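Remarks on the overall topology
Chain by chain, the residues run as shown.
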Amino acid sequence: MTVPEVWAGVDGGKVDHHCVVIDAEGRRLLSRRIANDETSLLELIADVTQLAEGRAVTWAVDLNAGGVALLLALLVNHDQKVVYLPGRTVHHAAATYRGEGKTDAKDAAIIADQARMRRDLQPLRLADDISTELRILTARRADLVADRTRQINRLRATMLEYFPALERAFDYSTTKAALILLTGYATPAAIRRAGAGRLEQWLRKRKARNAAAIASAAATAADAQHTTVSGEDLAARVVARLAKEVMVLDQEITDTDALIEERFRRHRHAEVITSLPGMGTLLGAEFLAFTGGDMAAFGSADRLAGVAGLAPAPRDSGRISGNLHRPRRYSRRLLRVFFLSALVSIRCCPASRAYYDRKRAEGKKHTQAVLALARRRLNVLWAMLRDARTYHAAPPATVAA
């Protein structure tokens, strides 16, 4: 005889959560708002456990990080079963329940009821410490890169208003020497007064690469404009400040990359992951940050491929069959990892290049061929992690004489 279970649905928040507990028939046993602090959460766990009267308790949450991190840690420490329902799933499920109102209590009840009815939910597994640190660091790096791109775009837009010749003279996203130049010389008149020779010396003192070429290009741009645009002095000061901020961001990205590499190299899967051609430290760290380093949480390579958007979903109806599309819900971050690694592998791995060329010969476009290669490489990486074996390229086939 199966003992009826109890389901506790938690609608997570920043300051507090709402918990609704139901039994096997869907009857509500508890509905409570709880502060997001350890004492209150421990009281909730004790009350729900007591309310269950020895029956198994399944906790369901709509977040797997952020505001519910403390709750998840406490539940795991108390050997509680936890499943995860994405917020989008809860949102769509809410449309099937009576009433149009939305409250935290209703959302928590829906989460609990969905956990009670569904059998496809996997127990939530917390990532190991290194994977958690990598998730924090890779998220920070993504923010820094986005900030750097915004700053460079602002810099170029400001320069375009008063000194377009210098704006188009350099690629400021890759040329640090050009940023160094802007911190001291950002107007046509200032560059002409200094001249190419003094600019070169000034840049060399600041250890700028290709100082002579940068100074010559800047002098040429200054000679092309002798008109002073209104607001030039203020715009030049803004540009100088933006250039300094970009260089600060560059240094912070470099420091973050060092932290990512140091932690990634300590992970038990690091050697296996990086042995796959095209999977370097950063992409490997992104992979661990998303998966938590535990392949058992996905169950199979096919499920991981579905999460990564590399497993086409059928959309058949009536006489239409074989209509495959990318799933609407997938991790773009994980797809990026496998797509970029596949692109790199085409240049450095003969086996990947041969597979890509074969798909192209079959009539697939470049992107389709790369996606097909990414899917194949996902299967390979899955098997490598499952067997704890590094990648070894298959020996070339020999033809008998």
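Residues numbered from 1 in each chain as written. Predicted model: local features only at pLDDT ≥ 70, side-chain atom pairs only at ≥ 80, totals over all residues. Heavy atoms only, no water.

**Here we look at the overall build of the protein chain**
- On a plain count of helices and strands, the protein chain comes out with 16 helices and seven strands.
- Its C-alpha radius of gyration of 28 Å places the protein chain more than 25% over the 21 Å reference for a compact globule of 401 residues.
- Based on the C-alpha atoms only, the size of the protein chain along its principal axes is roughly 90 × 75 × 50 Å.
- Within the span of the protein chain, comprising 401 residues, buried residues form 42% of the whole.
- For the protein chain, long-range pairs separated by at least 24 residues make up 62% of all intrachain contacts whose partners lie at least 6 apart in sequence.
- On the protein chain, roughly 22,300 Å² of surface is accessible, and the fraction owed to carbon and sulfur atoms is 51%.
- Here the protein chain holds 60 positive side-chain charges and 44 negative ones, and the gap between their average locations is 8 Å. (Helix = DSSP H or I, 4+ residues; strand = E, 2+ residues; numbered from the N terminus. Rg over C-alpha atoms; globule rule 2.2 N^0.38 Å. Buried < 20%, exposed > 50% of the residue type's maximum accessible area, 1.4 Å probe, protein only. Contact = heavy atoms within 4.5 Å. Areas by Shrake-Rupley, 256 points an atom, 1.4 Å probe, with all protein chains shown as cover. Lys, Arg positive; Asp, Glu negative; His and termini not counted. Charge placed at Lys NZ, Arg CZ, Asp CG, Glu CD.)

**As for the packing of helix α5 (residues 129–162) against helix α10 (residues 232–265)**
- The geometry of α5 relative to α10 is characterised by a closest axis approach of 9 Å and an angle of 160° between their N-to-C directions. With respect to α10, the element α5 is oriented roughly antiparallel. The element α5 and its partner α10 pack so that their crossing is left-handed. (Axes fitted to C-alpha atoms, helices over the stretch in contact; angles between N-to-C directions. Parallel < 35°, antiparallel > 145°, perpendicular 65-115°, else oblique. Left-handed = near helix turned anticlockwise from the far one by under 90°.)

**A few points about the packing of aromatic side chains**
- Per the stated rule, a full pass over the model turns up four aromatic pairs.
- Residues Y162 and F163 carry aromatic rings whose centres are separated by 6.3 Å and whose planes lie at 55° to one another, so their mutual orientation is tilted. The exposure classification of Y162 matches that of F163, with both residues buried.
- For the pair F170 and Y172, a centre-to-centre distance of 6.0 Å together with 75° between the ring planes defines the contact as edge-to-face. (Phe/Tyr/Trp six-rings, centres within 6.5 Å; stacked < 30°, edge-to-face > 60°.)

**A word on the sheet that holds strand β1 (residues 6–11)**
- Taken in spatial order, the five strands of this open sheet run β3-β2-β1-β4-β5, and their pairing is mixed. If you trace the sheet from one side to the other, it starts and ends with β3 (28–35) and β5 (81–84), each paired once. Sheet twist, expressed as the average angle between the axes of neighbouring strands with direction ignored, equals 20°.
- Of the pairings in the sheet, the one linking strand β2 (residues 16–22) to β3 comprises seven bridges and is antiparallel in character. Note on β3: the bridge partner recorded for H18 is R33. (Pairing = 2+ DSSP bridges.)

**Points about the environment of E167**
- Following the sequence through the fold, E167 ends up in helix α6 (residues 164–167).
- Apart from residues lying up to four places away in sequence, E167 is in contact with R156, M159, L160 and Y172.
- A distance of 2.8 Å separates a polar atom in the side chain of E167 from a polar atom in the side chain of R156. (Polar contact = N/O pair within 3.5 Å; in protein donor to acceptor, adjacent residues only side chain to side chain.)

**Focus on the pairing of β5**
- Pairing of strand β4 (residues 57–61) with β5 involves four bridges; the strand directions are parallel. Counted as the bridge partner of V61 is Y84 from β5.
- Between the parallel elements β4 and β5, the chain passes through helix α2 (residues 69–77) in a crossover that is right-handed. (Right-handed = clockwise from strand over helix to strand, strands pointing away.)

**Looking at the confidence of the model for the protein chain**
- Summary statistics for the protein chain give a mean pLDDT of 90 and a share of 93% for residues scoring 70 or more.
- Considering each helix and strand of the protein chain separately, the mean pLDDT is smallest for strand β7 (residues 324–325), with a value of 62, and largest for α10, with 97. (pLDDT = per-residue confidence, 0-100.)

**Quick notes on the pattern of salt bridges**
- On inspection of all chains with the given rule, the structure shows 24 salt bridges.
- The partner of K359 in a salt bridge is E362, and the shortest N-O contact between them spans 3.5 Å.
- By relative accessible area, K359 is classed as buried at 15%.
- A single network of salt bridges, built from pairs that share partners, joins E133, E262, R263 and R266. (Salt bridge = Lys/Arg side-chain N within 4 Å of Asp/Glu carboxyl O.)

**Considering the environment of L199**
- Positionally, L199 belongs in helix α8 (residues 188–205).
- Each C-alpha atom, one on L199 and one on R118, is 69 Å from the other, the two residues being 81 residues apart in sequence.
- The contacts of L199, once residues within four sequence positions are left out, are L181, Y185, I191, A194, A215 and A218.

**Things to note about the packing of α10 against helix α12 (residues 281–291)**
- The N-to-C vectors of α10 and α12 enclose an angle of 65°; their axes lie 10 Å apart at closest approach. Compared by their axis directions, α10 and α12 come out roughly perpendicular. In this structure, α10 crosses over α12, and the sense of that crossing is left-handed. Within the contact between the two elements, α10 uses D257, I260, E261, F264 and R265 and α12 uses T281, L282, G284, A285 and L288.
- Among the residues making up the contact of α10 with α12, the classes are represented as five nonpolar, two polar and three charged. (Nonpolar A, V, L, I, M, F, W, Y, C, P; charged D, E, K, R; others polar.)

**Some thoughts on the nonpolar core**
- Core analysis: the largest hydrophobic core is formed by 42 residues, its most contacted members being F287, L310 and L381.
- Elements with a minimum of two residues in this core: α5, α10, α11 (270–275), α12, α13 (301–307), α14 (332–348), α15 (350–361) and α16 (366–387).
- It is α16 that provides the largest number of residues to this core, a total of eleven residues.
- If you look at the next biggest cluster of nonpolar residues, it comprises 36 residues, including I152, L182, I191 and L199. (Core = buried A, V, L, I, M, F, W, Y, C linked by side-chain atoms within 4.5 Å.)

**Looking at unusual backbone geometry**
- Look at N210: it is not a glycine, yet its phi comes out positive at around 55°.
- Tracing the sequence through the fold places N210 in the loop between α8 and α9 (211–223).
- In this structure, A388 takes a positive phi of about 55° despite not being glycine.
- Within the secondary structure layout, A388 lies in the segment after α16.
- Residue classification places A388 among the exposed positions, given a relative accessible area of 62%.

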